[in-house]
Amino acid sequence: MNNRQTFFVTSPIFYPNAQPHLGHAYTTLLCDVLARHHRLVGDEAYFLTGTDEHTEKVVQAAKAQGQKPEEYLEEIVARFKNLYQKLDISYDQFIRTSDQKIHLPGAIEMWNRLVTAGDLYKSSYIGLYCVGHEAFMTEKELVDGLCPDHGMAPEKVTEVNWFFRLSKYASQIEKFIADGTLPIIPESRKKEILSFIRSGVQDVSFSRPKEKMTWGIPVPNDPGQTMYIWVDALTNYITALGFGRGEELMRFWPGMHVIGKDILRFHTVFWPAMLLSANLPLPKMVFVHGTIISNGKKMSKTLGNIINPYELIKKYGTDATRYLLLRHVHSTEDTDVTWEKLDEWYTANLTNGLGNFISRVMKMSEDNLDIREIQNFRNDTLEADAKDKQAKIHELLEQFRFNDALDEIWKFIAIGDELIQKKKPFQLIKENPEKGKEEILNFVWRAFRIANFIEPFMPDTSRKIRAAFQENKKPENLFPRLDT
Ligand code: MSP
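Please read these numbers as outputs of a predicted model, since none were measured by experiment. (Residues numbered from 1 in each chain as written. Predicted model: local features only at pLDDT ≥ 70, side-chain atom pairs only at ≥ 80, totals over all residues. Heavy atoms only, no water.)

Once that is clear, we can look at the site of the ligand. In the region of the ligand, 23 residues are neighbours, and Ile-13, Thr-27, Asp-52, Asp-262 and Ile-292 sit closest. In this structure, an oxygen atom belonging to the ligand sits 3.2 Å away from a side-chain N or O atom of His-24. A total of 670 Å² of accessible area belongs to the ligand in isolation, and the protein chains cover 90% of it. Counting residues per element, the ones that place at least two in the shell around the ligand are strand S1 (6-14), helix H1 (22-40), helix H7 (229-234), helix H8 (236-239) and strand S12 (256-260). In terms of residue class, the shell around the ligand is built from 11 nonpolar, 10 polar and two charged. (Near = heavy atom within 4 Å. Polar contact = N/O pair within 3.5 Å; in protein donor to acceptor, adjacent residues only side chain to side chain. Areas by Shrake-Rupley, 256 points an atom, 1.4 Å probe, with all protein chains shown as cover. Helix = DSSP H or I, 4+ residues; strand = E, 2+ residues; numbered from the N terminus. Nonpolar A, V, L, I, M, F, W, Y, C, P; charged D, E, K, R; others polar.)

This is how it looks when you write it as structure tokens:
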């Protein structure tokens, strides 16, 4: 019998109207660490990511390149997948909302369930639509008539739409969020959304006329209307599991969502309301991560301060990039990332930190020990110590405290460095070979534990250290100096 716990984690599905940037890489990386962690503790984990394709921005981007949306998408989706491969992202499924086989049946099923519940009605609408947000905005939210995030005037819209009775679910959702039935982490985001709900929730437009939204899923039984992109997009979290087409993976639902603060409302109000209306379980949890800013500003093409994830990988390598983002981007606050800081962190913590420690230890081991001595080594005190440390790291990860978990590991490395200075095993081995060997074995043991601790964060480095240990051979230079 299979009694493993299931763990389902999702990243947002990204708009593929431009190249993937560091923010996309970051979100997906957090999901990857969680998925790897849960696999390592024996859970049956499933990690979903993908692209949110039915945006007018895709139509425009394709047109600008003289391509059909389908052709344009093939290329850009390949870029996303390539980035994930370069970052060692272990996703189980990459969903595309334009996929007629995987996504469409469930999106239609969701719509029909909302109809059955009596939660959709047709009404005319006057509003301001921001294509950047793919959402209607209020006058209050504009600055000098422009959307403050996108610097564009929203489109004035007068049209007939399908509306969803979001207001019907507001008090229920408020209660579920307040009492922790739907946990939102961190607390500050929970407060933010509660105050949003308490300020009054209105019904929302869930479709747009086909001539305005040319690229999207037609509303069942009303082909003149296209489903609003967020209805289509949010449903990906279950269509990927087979909702509406056989449900083969639905045992993974409910899962947890990892998102940025910009899409909080959609995930903690719209989506739970849709699930309640469709008679489906609420998400297990929503984790809202921090945002990467660059030189004090939000990254944007116009400001020219976008940090390209490929450049990071090229300069530092895959695992170093993972490390830099996971340890130094605050998991729930804004973090300013600049090349100067990245260089500093890389050198201090990887070249001079982890890399140097492993290389010193494995050199001593290679010169003085044989493989059997390593294999037969046991030290129960050290082992108990490592167990405690591992438990602490797991606990921090379960609380999404990625930075703190890595701090713990780096403390363990720092202690190792201090002990080398203090015990000087490289001298001791000459004066007292037996004692010297014992000390070196302790350090080798420490290196091996580090390989275990870093596995969900830096899987390839973990593998390399383990291999070095098994062959008793100093590994290749793990984190070469930047100036060489
Ligand atoms: N397509 C919607 C999401 C639909 S989910 C059903 C969308 N896509 S997006 O391409 O704009 O990506 C938004 C997500 O990317 C954010 O929620 C966040 O997770 C991530 N990031 C985008 N910029 C970011 C930073 N500068 N820093 C960290 N993450 C950020 O919204």
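So that's the structure; there's more coming.
On to the packing of aromatic side chains, then. In total, this model carries 29 aromatic pairs according to the counting rule given. Centre to centre, the rings of Trp-111 and Trp-162 are 6.4 Å apart; their planes meet at 90 degrees, and the pair counts as edge-to-face. Here Trp-111 is found in helix H4 (residues 104-116), whereas its partner Trp-162 is found in strand S6 (residues 155-164), with 51 residues between them in sequence. One exposure class covers both Trp-111 and Trp-162, and it is buried. An aromatic cluster of three or more residues is present, and its members are Phe-164, Tyr-169, Phe-206, Tyr-228, Trp-230, Phe-266 and Phe-270. Lying over the aromatic face of Phe-94, Lys-81 brings its terminal NZ or CZ to 5.0 Å of the ring centre. (Phe/Tyr/Trp six-rings, centres within 6.5 Å; stacked < 30°, edge-to-face > 60°. Buried < 20%, exposed > 50% of the residue type's maximum accessible area, 1.4 Å probe, protein only. Lys NZ or Arg CZ within 6 Å of the ring centre and 35° of its normal.)

Right, let's talk about the side chain of Ser-365 for a bit. Within the fold, Ser-365 resides in helix H12 (residues 339-368). Setting aside chain neighbours within four positions, we find Ser-365 in contact with Ile-374, Ile-440, Val-444 and Asn-472. (Contact = heavy atoms within 4.5 Å.)

For the bond running from Ile-185 to Pro-186, omega is 5 degrees, close enough to zero to count as cis. Looking at the element boundaries, Pro-186 is found in the loop between strand S7 (184-185) and helix H6 (187-198). The peptide bond linking Trp-253 to Pro-254 adopts the cis configuration, its omega dihedral lying at 5 degrees. Note that Pro-254 resides in the loop between H8 and S12. Residue Asp-88 is not a glycine yet carries a positive backbone phi of 60 degrees. Tracing the chain through its elements places Asp-88 in the loop between helix H3 (69-86) and strand S3 (93-96). With a phi close to 65 degrees, Asn-221 is a non-glycine residue in the positive phi region. Here Asn-221 is to be found in the loop between strand S10 (218-219) and strand S11 (222-227).

What follows concerns the state of the cysteines. As enumerated under the stated definition, the model contains zero disulfides in all. In this structure Cys-130 is a free cysteine whose sulfur lies 3.9 Å from that of Cys-147, the closest cysteine sulfur available. Judged by its relative accessible area of 2%, Cys-130 falls in the buried class. (Disulfide = S-S within 2.5 Å.)

Once that is clear, we can look at the environment of Leu-182. Along the chain, the position of Leu-182 falls in the loop between helix H5 (166-178) and S7. It is 43 Å that separates the C-alpha atoms of Leu-182 and Asn-352, two residues lying 170 residues apart in sequence. In contact with Leu-182, not counting residues within four places along its chain, are Phe-176, Ile-177, Thr-268, Pro-272, Leu-282, Pro-283 and Val-286.

Taken in spatial order, the three strands line up as S9-S11-S10 in an open sheet, and their pairing is antiparallel. Sheet topology places strand S9 (207-209) and S10 at the edges, where each strand pairs with a single neighbour. Note: S10 against S11, two bridges, orientation antiparallel. Bridge pairing in S11 places Val-219 opposite Asp-222. (Pairing = 2+ DSSP bridges.)

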